[in-house]
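Here's the letter readout for the chains.
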Amino acid sequence: MAHHFRKDMVIYQIYPRSFQDSNGDGMGDIPGIISRLDYLQALGIDTIWLSPVYKSPNADNGYDISDYKSIQPAFGTMEDFDELLAQAKARGIGIVMDLVINHTSDEHEWFQKALAGEEKYRDYYIIRKGKDGKLPNNWGNFFAMCPWSKFGDSEDEYYLHLFAEKQPDLNWHNPAVLEEVKDIMRFWLEKGVVGFRCDVINILYKNTLEDGRKQLALTGKEHYLSTPGCHQILHTLRKEVLDEFNAFAVGETVFVTLAQAGDLCNEDREELDMVFSFEHMGCDDLGLKWFKTRLSPKRLMKTLVKWQTGLDWNTNYFENHDQPRFISRFADSDGFRREASTMMAGLEMTLRGTPFIHEGQEIGMTNGDFRCLKQIQDIESHTVNEMAKKLGIPANMRWNMIRRGTRDNGRMPMQWSDEKNAGFTTGKPWLRVNGDYKEVNVAKEQRDPNGVLNFWKRMIALRRTDEVLIDGDFVPVLVSNNIFAFERTLNGRRLLSICNMTGKAAKLPKHLQGWEKKIIGNYLTGTEEYMQPFEFRLMEESGE
């Protein structure tokens, strides 16, 4: 399968406001990122996915964009961004921008002109009259709020926002919107970015605004998930923009099925290069992500096998800015932070597909030690709490839901050292620093040759240089309650990846023993017959 990207890429996500502050205002910024490029180069990654740095009123931490061609002042200037591009390129690192085109900010010039009565810009958004004194339809909202808000001073007109009230959805039935987005993409590609991570890209095109089938959450989603109109938009952006710059595109695709993902990534359709699917991230969910149970390793393994065998090329990720830290999902990971973190590194780097690492994952950062809702900044967490309150869910249960599921778990400031505020800022951090920073930080990990960070470095180097790991086939070998094993094969060469995904020792079946050459593992000692808690091994078939 041909790709618009290299299969040996390893991508590192930076959430700018949490990565490194350079001026003491408590907010990460672009100069701070530049100051850490040597660290990223030493880590071994070759591409940075940069969460939004555009101008924004920050109703949703930058995913509400008011100017697509300007830099958020708190993050720096366009000159700073150009310097980031140049300095990254000098180190062999490309920059991927976050493309948010399902919605804009309500402070964007387009929406403001629509409010002022300019008909051209009214048609950039989805504005409808109510029906018989009610809302235009019965749809739900991703942030557990009403998806329709009054448009300006009108008594009977509403605009659609599938996310926050300050994030009005664009009207992709209007060809002018497509032309605007093409122009935005060219602006950044001409600067030298190598591609885009496309936010909630499979919900752009609403087939109809008719009422939806009533569901517990997101009523109406059948009218906008992965529609034919969305496919046409993505094909146009590929042919008329991305191909011109040989750029690649990865799509965040909510509720995507395996068949839908296959269509979105089908080479013949010429749309996306790969997608972020979410099924494996819901292996501790009870229907909805806010209702958590114990993570089932076997359920996780089965889901990974399903996608590894069902899709030619996957995005391999376990953390990002919207997800809790993965090792905190293991109920028995207490006391095994190093082992669980390095096992997940081994797993991620040996699956078939492009690995995505979220800042802090490489040092084994864990969920935040939040003590109350006031310490949570995430807008989604607050709206879900209000919804749960209306449903009569007791306060202690609501807090447990939020504490485990809040997106702020993956957004806490990067822990660089054991100095004040973990070396992230000399000021007051925008979000509290995790209390474990004196034990979990980059400086300490750098001094430990057998620590989490150095194991990630070895695994990244292996993933970027071993042809079997880069392009070999995936062959499942064992899915059990504790052991996950699979082969990667290419041109007669066979590698065996084995992971114990629990905090208890586990006996290896006979057919997984006898692989004489151990390429790498996260334990220095052990036996052939048993896997220690959260142990990872990568074996190679002997040449005999």
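Up top is the structure these notes are about.
Residues numbered from 1 in each chain as written. Predicted model: local features only at pLDDT ≥ 70, side-chain atom pairs only at ≥ 80, totals over all residues. Heavy atoms only, no water.

Caption draft 1: Highlighting the overall build of the chain. A count of helices and strands for the chain gives 16 helices and 22 strands. In terms of C-alpha radius of gyration, the chain reaches 23 Å, essentially the compact-globule figure of 24 Å for 544 residues. Restricting the contact set of the chain to residue pairs at least 6 apart, pairs at least 24 apart contribute 68%. When the accessible area of the chain is evaluated, it comes to approximately 21,000 Å², of which 48% is carbon and sulfur surface. Charge separation in the chain, taken as the distance between the mean sites of 68 positive and 80 negative side-chain charges, equals 5 Å. (Helix = DSSP H or I, 4+ residues; strand = E, 2+ residues; numbered from the N terminus. Rg over C-alpha atoms; globule rule 2.2 N^0.38 Å. Contact = heavy atoms within 4.5 Å. Areas by Shrake-Rupley, 256 points an atom, 1.4 Å probe, with all protein chains shown as cover. Lys, Arg positive; Asp, Glu negative; His and termini not counted. Charge placed at Lys NZ, Arg CZ, Asp CG, Glu CD.)

Caption draft 2: Quick peek at the pairing of strand 22 (residues 536-540). Burial of strand 22 is extensive: five of the five residues sit out of reach of the surface. Of the two faces of strand 22, the one carrying Phe536, Leu538 and Glu540 and the one carrying Arg537 and Met539 are both buried. In this structure, strand 18 (residues 493-500) lies alongside strand 22, joined through five bridges in antiparallel fashion. Bridged to Leu496 within strand 22 is Met539. (Buried < 20%, exposed > 50% of the residue type's maximum accessible area, 1.4 Å probe, protein only. Pairing = 2+ DSSP bridges.)

Caption draft 3: Layout of unusual backbone geometry. Notably, Leu218 is not glycine yet its phi reads approximately 60 degrees, a positive angle. Mapped onto the elements of the fold, Leu218 is located in the loop between strand 9 (195-198) and helix 8 (228-242). Looking at Leu218, the relative accessible area reads 9%, which means it is buried. Phi at Ser226 is positive, roughly 50 degrees, even though this residue is not glycine. Take Ser226: it is sitting in the loop between strand 9 and helix 8.

Caption draft 4: Summary view of the packing of helix 12 (residues 379-390) against helix 13 (residues 395-405). Between helix 12 and helix 13, the least distance of the axes is 10 Å, while the angle of their chain directions is 155 degrees. Taken together, helix 12 and helix 13 sit at an angle that is classed as roughly antiparallel. Helix 12 and helix 13 meet at a crossing whose hand is right-handed. Residues Ser381, Val384, Asn385, Ala388 and Lys389 of helix 12 form the contact with helix 13, whose participating residues are Arg398, Met401 and Ile402. Here the contact of helix 12 with helix 13 is built from residues that sort into four nonpolar, two polar and two charged. (Axes fitted to C-alpha atoms, helices over the stretch in contact; angles between N-to-C directions. Parallel < 35°, antiparallel > 145°, perpendicular 65-115°, else oblique. Left-handed = near helix turned anticlockwise from the far one by under 90°. Nonpolar A, V, L, I, M, F, W, Y, C, P; charged D, E, K, R; others polar.)

Caption draft 5: Highlighting the packing of aromatic side chains. Tallying each qualifying case throughout the model produces 29 aromatic pairs. Ring geometry for Phe142 against Phe163: centres 4.7 Å apart, planes inclined by 10 degrees, an arrangement best described as stacked. Of this pair, Phe142 sits in the loop between strand 6 (127-129) and strand 7 (148-150) while Phe163 sits in the loop between strand 8 (157-160) and helix 7 (175-191); the two residues are 21 residues apart in sequence, bridging distant segments of the chain. Like Phe163, Phe142 is buried. Linked through ring pairs, Tyr54, Tyr68, Phe81, Trp110, Tyr121, Tyr124, Phe187 and Trp188 together constitute an aromatic cluster. In this structure, Arg36 packs its charged tip against the face of Trp416, placed 3.8 Å from the ring centre. Cation over ring: Lys221 sits above Phe255, and NZ or CZ is 5.4 Å from the ring centre. (Phe/Tyr/Trp six-rings, centres within 6.5 Å; stacked < 30°, edge-to-face > 60°. Lys NZ or Arg CZ within 6 Å of the ring centre and 35° of its normal.)

Caption draft 6: Layout of the pattern of salt bridges. The tally for this structure, following the rule as stated, stands at 46 salt bridges. If you follow the salt bridges from partner to partner, you end up with Asp60, Asp322, Asp378, Glu380, Arg407 and Arg411 in one network. (Salt bridge = Lys/Arg side-chain N within 4 Å of Asp/Glu carboxyl O.)

Caption draft 7: Broad picture of the sheet that holds strand 6. Strand order across the open sheet formed by three strands is 6-8-7, with antiparallel pairing between neighbours. Because the sheet does not close on itself, it has two edges, and the strands there are strand 6 and strand 7. Each strand axis lies, on average, 40 degrees off the axis of its neighbour in the sheet, ignoring direction. Pairing analysis gives three bridges linking strand 6 to strand 8, with the strands arranged antiparallel. In the sheet register, Ile127 faces strand 8, and the bridge partner there is Tyr159.

Caption draft 8: Inspection of the sheet that holds strand 17 (residues 483-490) at higher detail. Taken in spatial order, the five strands of this open sheet run 16-17-18-22-20, and their pairing is antiparallel. In this open sheet, the two strands that pair with only one neighbour each are strand 16 (473-479) and strand 20 (517-521). Taking the axes of each pair of neighbouring strands and ignoring which way they run, one obtains an average angle of 20 degrees across the sheet. With eight bridges connecting them, strand 17 and strand 18 associate as antiparallel partners. Looking at strand 18, one finds that Glu487 is bridged to Leu496. With respect to the sheet, helix 10 (residues 297-310) is in contact with strand 16 and strand 17, its orientation differing from that of strand 16 by roughly 155 degrees. Lying over the sheet, helix 15 (residues 452-465) contacts strand 20 and strand 22, oriented at roughly 130 degrees with respect to strand 20.

Caption draft 9: Local environment of the environment of Ser341. Position of Ser341 among the secondary structure elements: in helix 11 (residues 337-350). Apart from the residues lying within four places of it in its own chain, the contact partners of Ser341 are Ile327, Gly364, Val452 and Trp456. At 2.7 Å, the side chain of Ser341 and the backbone oxygen of Arg337 are in polar contact. (Polar contact = N/O pair within 3.5 Å; in protein donor to acceptor, adjacent residues only side chain to side chain.)

Caption draft 10: Fine view of helix 9 (residues 258-265). Burial in helix 9 covers these residues: Ala261, Leu264 and Cys265. End-on view of helix 9: buried residues confined to an arc of 90 degrees, all on one side of the axis. (Arc of directions from axis to C-beta.)

Caption draft 11: Inspection of the packing of helix 11 against helix 15 at higher detail. Axis separation between helix 11 and helix 15 bottoms out at 10 Å; the angle between their running directions is 10 degrees. Between helix 11 and helix 15, the interaxial angle falls into the category roughly parallel. Contact residues: helix 11 offers Arg337, Arg338, Ser341, Thr342, Ala345, Gly346, Glu348, Met349 and Thr350, while helix 15 offers Val452, Phe455, Trp456, Met459, Ile460 and Arg463.

Caption draft 12: Broad picture of the pairing of strand 1 (residues 11-14). Residues of strand 1 alternate between two faces, with Ile11 and Gln13 on one and Tyr12 and Ile14 on the opposite face, all of them buried. Sheet analysis places strand 1 next to strand 15 (residues 354-358), joined by three bridges and oriented parallel. Considered in strand 15, the bridge of Gln13 is made with His358. Taken together, the four bridges between strand 1 and strand 2 (residues 47-50) define a ladder with parallel strand orientation. Bridge assignment links Ile14 to a residue of strand 2, and that residue is Leu50.

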